[in-house]
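# Examining the three-dimensional arrangement
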Amino acid sequence: MALSPSQYAKNLRFQLSLSGPVDVMAVAHTLSVPVYEEELDRFEGCLLWVGGNARILVRASIPYETRKNFTIAHEFSHFYMPHHKRNTFSCTAEDIARYCGDSVYENEANEFAAEFLLPRSELEKGLVSTPDIAAIREISAQYGTSLTSTAIRVVETTCEPVAVVLSEASKVRWVVRSRSFPFRVKRGALHEWTYAIDYFSGKELPGDPQHVVATAWCDGVSRENLLIEESVAFGRLGMVMTLLRVPADDDVYGNRW
């Protein structure tokens, strides 16, 4: 039976005796897979096999080092996982940003990269309170992981009632909920009461967490239920990542109607 992408990532970390944050360039050197930064027009990263030797190309103009690290780790998966062996993988920014895209290979590569850079076992030790965007940014910077992949890892790991949502073209593309998040997030068009819709309407997103009526995001809930929404725009991709959490009893409530 084939291993999961996460298990392959754990195996590679074990083989390389890695702990804590990963230096992807040092790993590339150890694996004898050189990494070149190039001005790629259509792709974020590529894995190429030339004469039996692998090399990774990464787009030089990626604006964030954390995103560049994740892209390189994403390409490691195509190199390391046996069923990904083929001459070329060309991965777009959308392939890497989306959690549930159309390509099984790219989804597996994202799962591999997330576990390789930010192991669940290490993350569990650091989650001591309800996560917010500030905490996710801090973990992202510490481990050199993209904001999206970090948010997914946090939501999948925490016991707190939170969910992460990716929206594109004013529509919800995917949702990841923690085990304790009590509501079902709606798919399809964003509701006008969400803050995420503001980005697609040409408005600025709030810089601080905002209370929003839960019916804006979820089915089967009362208008008395509230959520805390934090939305972050990825302007170059035309996407918005939203963290939703259930307010604690001592939160100060305010609505968006």
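Note that the structure is predicted; figures quoted are calculated from it, not measured.

### Here we look at the nonpolar core
Membership of the largest hydrophobic core comes to 30 residues, with the highest contact counts inside it found for Leu31, Ile56, Phe76, Phe79, Phe112, Phe116 and Leu117. Of all elements in the fold, only helix 1 (5-15), helix 2 (24-30), strand 3 (53-59), helix 3 (65-80), strand 4 (88-91) and helix 5 (104-117) reach the threshold of two or more residues within this core. Among the elements that take part in this core, helix 3 stands out by supplying 6 residues, more than any other. Dropping the residues within four chain positions of it, Phe112 is found in contact with Pro5, Tyr8, Ala9, Leu12, Ala73, Phe76, Ser77, Tyr80 and Met81.

### Let's talk about the side chain of Ser140
Mapped onto the elements of the fold, Ser140 is located in helix 7 (residues 133-143). Not counting residues up to four positions away in its chain, the partners in contact with Ser140 are Thr66, Thr145, Ser146, Leu147 and Thr150.

### A few points about helix 3
Between its first and last C-alpha atoms helix 3 spans 22 Å; for 16 residues at 1.5 Å apiece the expected length is 22 Å, and the two agree. Buried residues dominate helix 3, accounting for 14 of its 16 residues.

### Describing the confidence of the model for the protein chain
Looking at the protein chain, the pLDDT average stands at 89 and 94% of residues meet or exceed 70. Across residues 252-257, confidence stays below pLDDT 50; counting only partners more than four residues off in sequence or on other chains, it has 21 contacts.

### Examining the sheet that holds strand 8 (residues 188-189)
Sheet architecture is open: 6 strands sit in the order 8-6-5-12-11-9, paired in antiparallel fashion. What marks the edges here is a single partner per strand, and that holds for strand 8 and strand 9 (210-213). Pairing analysis gives 2 bridges linking strand 6 (residues 171-177) to strand 8, with the strands arranged antiparallel. Bridging from a neighbouring strand, Lys171 pairs with Ala189 of strand 8. Here helix 8 (residues 147-157) sits on the sheet and contacts strand 5 (162-168), strand 6, strand 11 (226-234) and strand 12 (239-245); the angle it forms with strand 6, its principal contact strand, is near 45 degrees.

### Description of the environment of Glu138
If you trace the backbone, Glu138 turns up in helix 7. Counting along the chain gives 91 residues from Glu138 to Glu229, while the straight-line C-alpha distance between them is 18 Å.

### Some words on unusual backbone geometry
Peptide bonds are mostly trans, and most non-glycine residues show a negative phi. Phi at Ala169 is positive, roughly 55 degrees, even though this residue is not glycine. Mapped onto the elements, Ala169 comes out in the loop between strand 5 and strand 6.

Parameters at a glance
Residues numbered from 1 in each chain as written. Predicted model: local features only at pLDDT ≥ 70, side-chain atom pairs only at ≥ 80, totals over all residues. Heavy atoms only, no water. Core = buried A, V, L, I, M, F, W, Y, C linked by side-chain atoms within 4.5 Å. Buried < 20%, exposed > 50% of the residue type's maximum accessible area, 1.4 Å probe, protein only. Helix = DSSP H or I, 4+ residues; strand = E, 2+ residues; numbered from the N terminus. Contact = heavy atoms within 4.5 Å. Expected span 1.5 Å × (residues − 1). pLDDT = per-residue confidence, 0-100. Pairing = 2+ DSSP bridges. Axes fitted to C-alpha atoms, helices over the stretch in contact; angles between N-to-C directions.

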